[in-house]
Amino acid sequence: MKIKAYQWARGALTAAVVTSSIGSGVFTLTSSLAGGAAAGPVLLAWLVVGFGILMLALSLNNLLQKNPEAEGVQAYAQAGFGNFAGFVSGWGYWLSAWLGNVAFATVLMSSLGYFFPLFKGGQNVPSVILASVVSWGLTYIVNRGVESAAAMNTIITICKLIPLFTFIVVGIFVFKGGMFTAHFWSNVSSGVAGGANIWTQFKSCLMIMMWVFVGVEGASMLSSRAKSKSEAGRATIIGIICLLIIYVLASVLPYGYLSQDALAKINQPAMLYIFQDMVGTWGGAFIGVGLIIAILGSWLSWTMLPADTTMLMAEEKLLPAYFGKKNKNGAPTFSLVLTAALIQIFLLVLLFSEEAYNFALSLCTAAIVVCYIFVGAYQVKFSYQNKDMKQFWIGFFALLFQVVAITLAGLHFLMLVCIGYLPGIYFYYRAKKDYSLDGGKLTKMEILYSIAIVAFAIISIVMVAMGAIQI
């Protein structure tokens, strides 16, 4: 009986890791990847990204077990490197959370466009109007104190997994080996990326693949509920491997059904239109309905996430107290309204972006990479101090992957994220003044770090104005 209970615990934890990580990104993967890479470089990139994310998940799991009092993943930066690092990490996590909602909005409108041509593409005025209504509506619901219930999460999970697994099964049956291997390592000569080399193709995949793993920190926290540390570690490893298999199959199988050029030109969400081509009109509707329900549910959860993040930061005196002030329903109204207003502004900006979804997901990923870098760095520091070399090397590879990946694939996006830090620096200064920390002033090092962030923000604005950075 003990063995059965042990195995069931591992299975439940593994399922939690998988379901809490899968979002809307998997439904858009193929088209986004095919825009810059053939099947071979895609598989190579999955191998590297999978390893890097596994190291990150194991680092989070280790820190959570050994430092359980940390409130939120951003707390590791504060614990390891001081208050300003905690602010930078927490603000990056907050930026990522609401930028993720912008990506949700784009995919939701594109999904609705399958049923209602008025919203096709998700980047026109009707789409922005409806997305704005949904955003403010969800903000109102959360502000009223309504939280995502367990029953709702179950429905959302079903709506994500059933269409996803159906797509994979059908994709296996219609897979054509000859088409898959025809241009395995290089783009077709008439393709969207011309004759790009393997390295260039590999780099084009990184940001997109990292995006679908955003949220893995929540999965690691769920896995910590195991009774033993070893059990939590096994659940994390198995869960990440399962996620990787799902993502690889969902993104690579279509290369054996349609040419890369055709996949790259398919409207988003790509899975909807690919499945329609595979089985007929009902297939598109099947994927579309499930995706719409899943996005609305996920968007509700992610409406609470940024408000919770700033609330925790206010409790740690990294932001002014009004960020954490709750209304009679227990919701942080100021944080919710501020976040909704920024989402509204960004939705308007997307009217002028050629690839709104990819732009939003890239900014979201770049913002959370800041947080993940601090996680890896703290894992290295914590493990070195405790002479745990196994965990030290896990942290080292987690840190190395995040730094190298963002440098190769999204350094300009990281510079754009610096713009989002400008108001944050002011709020951090106000918090120090309100709480009389360090004499109510920024320290010399904090001033230097702030100047560097402001400088990168100004440079990125100039580069956008000159057309050096495309949005």
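Computed from a predicted model, the values in this text were never measured in an experiment.

## Section: a nonpolar patch on the surface
On the surface, Phe51, Trp199, Met389, Trp393, Phe396, Phe397, Leu400, Val404 and Leu408 cluster together into a nonpolar patch covering about 810 Å² of accessible area. If you trace the backbone, Phe397 turns up in helix H17 (residues 389-409).

## Digging into helix H14 (residues 281-315)
Its 35 residues place the ends of H14 51 Å apart at the C-alpha level, agreeing with the 51 Å of an ideal helix rising 1.5 Å per residue. Immediately beyond the C-terminal end of H14, within one or two residues, lies Lys317, with a positive phi of roughly 65°.

## Things to note about helix H18 (residues 411-434)
Between its terminal C-alpha atoms H18 stretches 34 Å, which fits the 34 Å expected from 24 residues at 1.5 Å a residue. A maximum bend of about 35° is found in H18 at Gly420, where proline Pro423 lies one to four positions downstream. Of the positions making up H18, those classed as buried are Phe413, Met415, Leu416, Val417, Cys418, Tyr421, Gly424, Ile425, Phe427, Tyr428, Ala431 and Lys432. Against helix H5 (83-115), helix H9 (198-211), helix H16 (356-385), H17 and helix H19 (444-466) lie the buried residues of H18.

## As for unusual backbone geometry
The omega angle of the peptide bond from Gln268 to Pro269 is -5°, so this bond is cis rather than trans. Relative to the helices and strands, Pro269 is located in the loop between helix H12 (260-264) and helix H13 (270-279). A positive phi angle, close to 65°, is found at Lys317, a residue other than glycine. Lys317 gets classed as partly exposed once you look at its relative accessible area, which sits at 40%. The backbone of Lys387 shows a phi angle near 55°, a positive value even though the residue is not glycine. Looking at where Lys387 falls in the secondary structure, it is placed in the loop between H16 and H17.

## Structural notes on the packing of H5 against H14
When two helices pack together, you describe them by how their axes are tilted relative to each other and by the distance separating the axes. Where H5 contacts H14, the axes come no closer than 8 Å and their chain directions differ by 160°. Between H5 and H14, the interaxial angle falls into the category roughly antiparallel. The interaxial crossing formed by H5 with H14 has left-handed handedness. Partitioned by chemical class, the residues of the contact of H5 with H14 number 24 nonpolar, 13 polar and no charged.

## Overview of the packing of aromatic side chains
A complete count under the given rule lists 37 aromatic pairs for this structure. Relative to Tyr421, the ring of Phe87 lies with its centre 6.2 Å away and its plane at 80°, an arrangement referred to as edge-to-face. Of the two residues, Phe87 is situated in helix H5 and Tyr421 in helix H18; the sequence distance between them amounts to 334 residues. Grouping residues by exposure puts Phe87 and Tyr421 together as buried. Residues Phe175 and Phe180 carry aromatic rings whose centres are separated by 5.1 Å and whose planes lie at 55° to one another, so their mutual orientation is tilted. Judged by its relative accessible area of 15%, Phe180 falls in the buried class. Sitting over the face of the ring of Phe81, Lys381 holds its NZ or CZ atom 5.2 Å from the ring centroid.

## Quick notes on the confidence of the model for the chain
With 87% of its residues at a pLDDT of at least 70, the chain reaches an overall mean of 82. At the level of individual helices and strands, the chain shows its lowest average pLDDT in helix H1 (residues 2-21), which scores 55, and its highest in H17, which scores 92. Throughout residues 1-8 the model reports pLDDT below 50, and contacts reaching past four residues in sequence, or to other chains, amount to two contacts.

## Observations concerning the environment of Ser89
Residue placement: Ser89 occurs in helix H5. Note on Ser89: relative accessible area 1%, which makes it buried. For Ser89, the contacting residues outside a window of four places in its chain are Gln74, Ala77, Cys371 and Phe374.

Criteria and cut-off values
- Residues numbered from 1 in each chain as written.
- Predicted model: local features only at pLDDT ≥ 70, side-chain atom pairs only at ≥ 80, totals over all residues.
- Heavy atoms only, no water.
- Patch = residues over 30% accessible without salt bridge, like charges linked within 9 Å, V, L, I, M, F, W, Y side chains within 5 Å.
- Areas by Shrake-Rupley, 256 points an atom, 1.4 Å probe, with all protein chains shown as cover.
- Salt bridge = Lys/Arg side-chain N within 4 Å of Asp/Glu carboxyl O.
- Helix = DSSP H or I, 4+ residues; strand = E, 2+ residues; numbered from the N terminus.
- Expected span 1.5 Å × (residues − 1).
- Bend = angle between axes of the 7 residues up to and from the residue.
- Buried < 20%, exposed > 50% of the residue type's maximum accessible area, 1.4 Å probe, protein only.
- Contact = heavy atoms within 4.5 Å.
- Axes fitted to C-alpha atoms, helices over the stretch in contact; angles between N-to-C directions.
- Parallel < 35°, antiparallel > 145°, perpendicular 65-115°, else oblique.
- Left-handed = near helix turned anticlockwise from the far one by under 90°.
- Nonpolar A, V, L, I, M, F, W, Y, C, P; charged D, E, K, R; others polar.
- Phe/Tyr/Trp six-rings, centres within 6.5 Å; stacked < 30°, edge-to-face > 60°.
- Lys NZ or Arg CZ within 6 Å of the ring centre and 35° of its normal.
- pLDDT = per-residue confidence, 0-100.

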